[in-house]
Amino acid sequence: MANLSMHGFRLIDSFKGKLNHPVIVEQVNDFVYAFNFSQTNLLVLYYMPEAGLKVHDYPINQTEKKIIHIDEDIWLYKPVLVLSRIKVILGMGERVYARQCVVARIDKKTALYFQEEHHLQESVPGKYRYGLFFEGELMAVMVFSGGRIMRHTEGYRSFECLRFCSKQGFVIIGGFSKLVQAFVKDFHPDDIMTYVDKDWSDGSKFESMGFVRILDTVPQCFWVSNETKERISIKAYEKLDTFAQKHFYKVCNCGSIKMVHYFH
C-alpha cells in the first residue's frame, strides 16, 4: 500500500472504527485500490486524484460482489455522507417502514436543504417536490421535473425523477415506491424516467420496482478544486483563467443508466 494516500488510509480507519468493518486492501494500479469488505457482498474501488478513468475490468465475479466507486474528492468533501451510505449498503442502517410514514408536498427551500444535508450530488429544486414524514420528521425527499410532451404519442407526458434521498443512516423500506405512487396519483404520468448513478448502483433495485433499462450514458467529467475539493462542470472550468485552472484536476464518473417506468 506504498502509494495509497493518507486520505485513503483514513477511510480504511473509518471503516474499522465507525463501521466496525475491517477491510482487505488490494492495489489495482498505482492510483486505484480495492477495499474488500470480507464476509459481505461489498467491494469499494478507491480512486486517488491521478487515477483517471474508472476501472471496469476488475477481476471479480460480478454476481458475488457489489462494486461501488469512490473518488478521493468525494470522500474529502462529504465524508459523513460517504460513510453513511456505505453503512446502509452493509445493512447497518436504521430501518423505517414507508407504511408508517405520511407523504406530503414540500417547498423548494425544504427540498434543497434536505438534499444538501443528505445527498452526495448537487441539490436541484425541480418543479414538484415530495417528502416522506415519520412522526412529523422529514425522512426522505423526491424531486420531479415538469412534464415533457413526447411526440411519438398524442398527449403523452413523461416526467423525470431528478433526485431521491433519505436521511443519513436510515433505510426507508418502501419509501421510493410510496413517493412515486403519490406523484402518479397526482399527475397521472405516462412514464417516469430517471438516471441511476453507476458509481453506486447497477440499477437492479430500480428494475425490481418496475423500471426498464433504456441505455447507459457515457462517463461525465468534472474538475475538482485542489483546495476545497468542490466539483465544477467542464463549462465552468473553461471560463476560468489559466492561473486558476492550474488549481483543479479532472475526474470522471462511471456514467449513468437511463431507466424508465411506464404506466400505460
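The structure we're discussing is the one just above.
A short tour of the structure in this document, coming up. Just so it is clear, the structure is predicted and the values come from calculations on it, not from any experiment. (Residues numbered from 1 in each chain as written. Predicted model: local features only at pLDDT ≥ 70, side-chain atom pairs only at ≥ 80, totals over all residues. Heavy atoms only, no water.)

**Comments concerning the pairing of strand S4 (residues 66-71)**
Definition in use: When a residue's accessible area, from a 1.4 Å probe over protein chains only, is under 20% of the maximum for its type it is buried; when over 50% it is exposed; and in between it is partly exposed. Segments assigned H or I by DSSP are reported as helices when at least four residues long, segments assigned E as strands when at least two residues long, and all are numbered from the N terminus. When DSSP finds at least two bridges between two strands, those strands are taken to pair.
Counting buried positions along S4 gives 5 out of 6 residues, so the element sits mostly inside the fold. Sheet analysis places strand S3 (residues 42-47) next to S4, joined by 6 bridges and oriented parallel. Within the sheet, the bridge partner assigned to Val44 lies in S4 and is Ile68.

**Some details on unusual backbone geometry**
Its identity is not glycine, yet Asn20 carries a phi of approximately 55°, on the positive side. The residue Asn20 is located in the loop between helix H1 (6-17) and strand S1 (24-29) in this model. The phi dihedral of His188 falls on the positive side, at around 50°, and the residue is not glycine. Its location among the elements puts His188 in the loop between helix H5 (175-187) and strand S12 (191-197).

**Concerning the pattern of salt bridges**
Opposite charge on two side chains makes pairing possible when the charged atoms of those side chains draw close. This is how the line gets drawn: Basic side-chain nitrogens of Lys or Arg form a salt bridge, by our definition, when they fall within 4 Å of a carboxyl oxygen of Asp or Glu.
The tally for this structure, following the rule as stated, stands at 7 salt bridges. A salt bridge links Lys198 to Asp216; the nearest nitrogen and oxygen atoms lie 3.0 Å apart. Taken as a pair, Lys198 in the loop between S12 and helix H6 (204-208) and Asp216 in strand S13 (residues 212-216) lie far apart in primary sequence, 18 residues in all. Judged by its relative accessible area of 22%, Lys198 falls in the partly exposed class. Across the pair Asp216 and Arg213 runs a salt bridge, and its minimum N-O distance is 2.9 Å. Here the salt bridges do not stand alone but share partners, grouping Lys54, Asp71, Asp73 and Arg231 into one network.

**Side note on the state of the cysteines**
The cut-off we apply is this: To count as a disulfide, a pair of cysteine sulfur atoms needs to be within 2.5 Å.
In this structure the tally under the stated criterion is 1 disulfide. Disulfide pairing places Cys221 opposite Cys252 at an S-S distance of 2.0 Å. Here the disulfide of Cys221 and Cys252 is right-handed, its torsion about the S-S bond being about 90°. Here the residue Cys221 occupies a position in strand S14 (residues 221-225), and Cys252 occupies one in strand S16 (residues 248-252), the gap between them amounting to 31 residues. One exposure class covers both Cys221 and Cys252, and it is buried.

**Here we look at the environment of Val251**
As a reminder, the rule being used: Here, residues are in contact when the closest pair of their heavy atoms is within 4.5 Å.
Within the fold, Val251 resides in strand S16. Along the chain, Val251 and Met48 lie 203 residues apart, while their C-alpha atoms are 9.6 Å from each other. Non-local contacts of Val251, meaning those with residues more than four positions away in its chain, are made with Asp73, Gln220, Cys221, Phe222, Val224 and Arg231.

**A closer look at the packing of aromatic side chains**
Quick reminder of the rule: Only Phe, Tyr and Trp rings take part, Trp by its six-membered ring, and two of them pair if their centres are within 6.5 Å. Stacked means planes under 30 degrees apart, edge-to-face means over 60, and tilted covers everything else. Each ring is checked for a lysine NZ or an arginine CZ that lies within 6 Å of its centre and within 35 degrees of its normal; such an atom marks a charge sitting over the ring.
Following the criterion strictly, the structure yields 18 aromatic pairs and no others. Measuring from ring centre to ring centre gives 3.8 Å for Trp223 and Tyr237, while their planes differ by 5°; the resulting arrangement is stacked. Residue Trp223 is found in strand S14, and its partner Tyr237 is found in helix H7 (residues 234-238); the two are separated by 14 residues along the sequence. An aromatic cluster is built from Tyr128, Tyr130, Phe144, Phe159, Phe183 and Phe187, whose rings are joined through pairwise contacts. Here the guanidinium or amino end of Arg99 rests over the ring plane of Tyr97, the centre of that ring lying 4.6 Å away.

**A few points about the environment of Met92**
Topologically, Met92 is positioned in the loop between helix H3 (79-89) and strand S5 (94-97). Judged by relative accessible area, which is 31%, Met92 ranks as partly exposed. Expressed as a C-alpha distance, the spacing of Met92 and Phe170, which sit 78 residues apart in the sequence, is 8.7 Å. In contact with Met92, not counting residues within four places along its chain, are Leu19, His21 and Lys87.

**A few points about the sheet that holds S14**
Across the sheet, which stays open at both edges, the 3 strands sit in the order S15-S14-S16 with antiparallel pairing between neighbours. Looking along the sheet, the strands with just one partner apiece sit at the ends: strand S15 (231-232) and S16. Note that S14 and S15 share 2 bridges and pair antiparallel. Note on S15: the bridge partner recorded for Val224 is Arg231.

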